[in-house]
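Observations on chain architecture
Residues per chain, in single letters:
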Amino acid sequence: MMKYLHNTNTFLLVLVCLSLTGLIFWVYNSTSFRYKEIRICTNLTKEHQENSKLQSPQGLSYNQPSVVGPDGKVIAMTPWLAPIVWEGTFDSFLIESIYKQQNITIATTVFALGKYTQFLKDFLETAEQNYFVGFRVHYYVFTDLPEQVPSVKLGEGRQLKVLKVASSNRWQEITLRRMEKLEKLIESRLLNEADYVFSLDVDTKFYGRWGAESLGRLVGVLHPGYYQTPREQFPYERRPESQAFIPYSEGDYYYGGAVIGGLVKDVHEVAKTCREQLDIDAAKSIEAAWQEESHLNKYFLYNKPSKVLSSEYLWQDFKPHTNEVKIIRFSQVIKNYAAVRPNP
Ligand SMILES: CC(=O)N[C@H]1[C@@H](OP(=O)(O)OP(=O)(O)OC[C@H]2O[C@@H](n3ccc(=O)[nH]c3=O)[C@H](O)[C@@H]2O)O[C@H](CO)[C@H](O)[C@@H]1O
Ligand SMILES: [Mn+2]
């Protein structure tokens, strides 16, 4: 060995060979690394695009989307290509089979303060019969009267947690405070405990199945009172001083405040933004026309939902049936406002 190394020419030759091998090895590695890196980037970009928010600028001029066409048939797609979920547009067996494989947990928040605890029994019992049957559902019941939460037999994999909150003597305060409670619950628990979350009104009953077809990144529901109303007549907040202000020339749909859903982190964004806007309004002593529902409508106008539930998913018991709504899945019960609310 020493003999060869003493020979300068041989030594140089070995050196060149070693360097060349190293160079080839480095080039190969860095190319394959870069190739892998590009693949990872493409995946991330794709994932990013699929998950990204559908934000639209304020002040855009475009026609109001219809919910029912001139032929009386329902429209199953928004103009930003989000599905509007109607009976007949999906195969529940197929959709349930897809989502069952994902082993998901659906958190469901419901508020029952004061006399609204009387609605819990029917809400929970009918949910057990119709709402995400066969899925893992965790109810989070916010109430100031924990002793009045009824014990309802829950299906396998389903749980109910009671969370105590302070009472309030204004119904407006109760309904708008839901955003803050939802925001904080997501931060403290749901990010770890659930995949999807729905926030639902309690003065309601389930009459038909409500399943995995309702799942999406960000989900809103068409308010049953306004799906055929011209946008300038929507009960949006119209005072520019309010953060919930929407001009008469804008608006897609009027969404109901009784149903907000989606991936935990996307619902967190809704709740946090609406809570911030509500706080700004409160500091100026302004309360939007329909409290958090007005702020939700503002949010959904500029951050489009990725899925819209038709009014099958939010009806009102007093409303007569219409042709387009084939199944009523979830509906507001008739209530005597003066008897159940703490204030007029
Ligand atoms: C169908 C629909 O979209 N309803 C919305 C509408 O009127 P609603 O008439 O449906 O409002 P509401 O009286 O049901 O109040 C909304 C929710 O707040 C809770 N609550 C309210 C009062 C009370 O004393 N105790 C209590 O627990 C309860 O969960 C109830 O379901 O406008 C409200 C905002 O003003 C909410 O956006 C509701 O979701
Ligand atoms: Mn209600």
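Definitions and cut-offs
- Residues numbered from 1 in each chain as written.
- Chains lettered and ligands numbered in written order.
- Predicted model: local features only at pLDDT ≥ 70, side-chain atom pairs only at ≥ 80, totals over all residues.
- Helix = DSSP H or I, 4+ residues; strand = E, 2+ residues; numbered from the N terminus.
- Buried ≥ 20, exposed ≤ 12 C-beta atoms within 10 Å, placed from the backbone.
- Contact = placed C-beta atoms within 7 Å.
- UniProt positions renumbered as here; feature names shortened; annotations may be inferred.
- Near = placed C-beta within 6 Å.
- Nonpolar A, V, L, I, M, F, W, Y, C, P; charged D, E, K, R; others polar.
- Axes fitted to C-alpha atoms, helices over the stretch in contact; angles between N-to-C directions.
- Parallel < 35°, antiparallel > 145°, perpendicular 65-115°, else oblique.
- Left-handed = near helix turned anticlockwise from the far one by under 90°.
- Expected span 1.5 Å × (residues − 1).
- Pairing = 2+ DSSP bridges.

Turning next to the overall build of the protein. From N to C terminus, the protein includes eight helices and 13 strands. For the protein, buried positions account for 36% of its 344 residues. Contacts in the protein between residues far apart in sequence, at least 24 positions, make up 75% of those at least 6 positions apart.

The next point concerns the UniProt feature "binding site: UDP-N-acetyl-alpha-D-galactosamine" (unreviewed entry) in the protein. Under the UniProt annotation, the feature "binding site: UDP-N-acetyl-alpha-D-galactosamine" (unreviewed entry) is placed at Tyr116, Asp201, Val202 and Asp203. Taken along the chain, the residues just named run across 88 residues; in space they keep tight, none of their C-alpha pairs more than 10.0 Å apart. Among the structural elements, Tyr116 can be located in the loop between β3 (105–111) and α4 (120–130). Taking the C-beta count within 10 Å as the criterion, Tyr116 has 24 such neighbours and is therefore assigned buried. Leaving out residues up to four positions away in the same chain, Tyr116 has contacts with Val202, Asp203 and Val340. Here Val202 lies in the loop between β6 (196–200) and β7 (204–206). Exposure remark for Val202: the 21 C-beta atoms within 10 Å place this residue in the buried category. Residues contacting Val202, with those up to four places away along its chain left out, are Val110, Phe111, Ala112, Tyr116, Phe119, Leu120 and Phe123.

Attention now moves to the UniProt feature "active site" (unreviewed entry) in the protein. Per the UniProt record, the feature "active site" (unreviewed entry) sits at Glu293. Among the structural elements, Glu293 can be located in helix α7 (residues 291–302). Take Glu293: there are 23 C-beta atoms within 10 Å of it, and that puts it in the buried class.

Looking at ligand 1, there are 23 residues lining it, with Tyr116, Asp201, Gly256, Gly257 and Glu293 nearest. Those elements giving two or more residues to the shell around ligand 1 turn out to be α5 (171–193) and α7. When the residues that make up the shell around ligand 1 are grouped by side-chain class, the tally is eleven nonpolar, seven polar and five charged.

The next thing to look at is the packing of helix α6 (residues 264–283) against α7. Across the interface, α6 lies against α7 with an axial gap of 10 Å and an inter-helix angle of 120°. On the basis of the axis angle, α6 is oblique to α7. For the crossing formed where α6 meets α7, the hand is right-handed. Judged by residue contacts, Val270, Thr273, Cys274, Gln277 and Leu278 of α6 engage Glu292, His295, Leu296 and Tyr299 from α7. In the contact of α6 with α7, the residues fall into five nonpolar, three polar and one charged.

What follows is about the packing of α5 against α6. Two numbers describe how α5 lies on α6: the axes approach to 8 Å, and their chain directions differ by 140°. Here α5 lies oblique to α6, going by the angle between them. Handedness of the α5/α6 crossing: left-handed. Along the contact surface, α5 presents Leu176, Met179, Glu180, Leu182, Glu183, Ile186, Leu190 and Leu191, while α6 presents Val264, Val267, His268, Ala271, Lys272, Cys274, Arg275 and Leu278. Taken together, the residues that form the contact of α5 with α6 break down as eleven nonpolar, one polar and four charged.

Here we come to α6. Across its 20 residues, α6 extends 28 Å between first and last C-alpha, which sits within 8% of the 28 Å expected from 1.5 Å per residue. Every buried residue of α6 is accounted for by Asp266, Val267, His268, Val270, Ala271, Cys274, Arg275, Gln277, Leu278 and Asp281. Summarising the contacts, the buried residues of α6 are in contact with α5, β6, β8 (218–221), β9 (259–263) and α7. Ser285 sits one or two residues past α6 and shows a positive phi near 55°.

Read across the open sheet, the three strands follow the order β7-β13-β12; overall the sheet is mixed. One side of each edge strand has no neighbouring strand; the edge strands of this open sheet are β7 and β12 (315–316). Pairing analysis gives three bridges linking β7 to strand β13 (residues 330–332), with the strands arranged antiparallel. Looking across to β13, one finds that Thr204 is bridged to Gln332.

Take Thr126: it is sitting in helix α4. On the basis of neighbour counts, which here come to 18 C-beta atoms within 10 Å, the residue Thr126 falls in the partly exposed class. Between the C-alpha atom of Thr126 and that of Gly208, which follows or precedes it by 82 residues, the distance is 8.9 Å. Apart from residues no more than four positions distant in its own chain, Thr126 is found in contact with Lys205 and Phe206.

With that settled, the discussion passes to the sheet that holds strand β2 (residues 84–85). Taken in spatial order, the eight strands of this open sheet run β2-β11-β8-β9-β6-β3-β4-β5, and their pairing is mixed. With one partner strand each, in any of the chains shown, β2 and β5 (159–164) form the two edges of the open sheet. By the bridge criterion, five bridges tie β3 to β6 in an arrangement that is parallel. For Val110, the partnering residue across the bridge sits in β6 and is Leu200. Sitting on the sheet, α6 touches β6, β8 and β9, and the angle it makes with β9 is about 135°.

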